[in-house]
Amino acid sequence: MLSEEVRARVETALIGITEEALRGRIRRVMLRAARTNQWKRCQGWTPCPRYGILAAPSAAPAAPTEAAPLCDLCRAGVG
Ligand SMILES: [Zn+2]
């Protein structure tokens, strides 16, 4: 179940979209992404310090000095 805050944020993001069908489609995508995000946090995923992307706790760090788990972008060597 998504919090009211998340729902409000999605609705705010949709304000600029005037086309009803398009707005509905984007709303579904955003709510699904929010639910996935929520699930990941519940599973112990933490946001990457560099990009803020949620990274799995089991992900092996590229460098032993890295304290936080790395996200896909960092592991791919982006940035
Ligand atoms: Zn990262």
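Residues numbered from 1 in each chain as written. Predicted model: local features only at pLDDT ≥ 70, side-chain atom pairs only at ≥ 80, totals over all residues.

1. Considering the overall build of the protein chain
- Tallying secondary structure elements over the protein chain gives three helices and two strands in all.
- Starting at the N terminus, the α and β elements of the protein chain follow one another as α-α-β-β-α.
- Counting contacts in the protein chain only where the partners sit at least 6 residues apart, residues at least 24 apart contribute 16% of the total. (Helix = DSSP H or I, 4+ residues; strand = E, 2+ residues; numbered from the N terminus. Contact = placed C-beta atoms within 7 Å.)

2. A closer look at the confidence of the model for the protein chain
- Per-residue pLDDT for the protein chain has a mean of 86; in total, 85% of the residues score no lower than 70.
- Predicted confidence in the protein chain is weakest over helix H3 (residues 72–75), with a mean pLDDT of 85, and strongest over helix H2 (residues 20–42), with 95. (pLDDT = per-residue confidence, 0-100.)

3. What about the packing of helix H1 (residues 4–14) against H2?
- Remark: H1 packs on H2, axes separated minimally by 10 Å, with the N-to-C direction vectors making an angle of 145°. With respect to the hand of their crossing, H1 and H2 are arranged in right-handed fashion. For the pair H1 and H2, the contacting residues are Val 6, Val 10, Ala 13 and Leu 14 in the first and Arg 23, Ile 26, Arg 27, Met 30, Leu 31 and Ala 34 in the second.
- Looking at the contact of H1 with H2 residue by residue, the classes come out as eight nonpolar, no polar and two charged. (Axes fitted to C-alpha atoms, helices over the stretch in contact; angles between N-to-C directions. Left-handed = near helix turned anticlockwise from the far one by under 90°. Nonpolar A, V, L, I, M, F, W, Y, C, P; charged D, E, K, R; others polar.)

4. With respect to H2
- For H2, which comprises 23 residues, the first-to-last C-alpha distance of 33 Å matches the rise-based estimate of 33 Å (1.5 Å per residue) to within 8%.
- The element H2 is largely exposed, with a buried count of zero among its 23 residues. (Expected span 1.5 Å × (residues − 1). Buried ≥ 20, exposed ≤ 12 C-beta atoms within 10 Å, placed from the backbone.)

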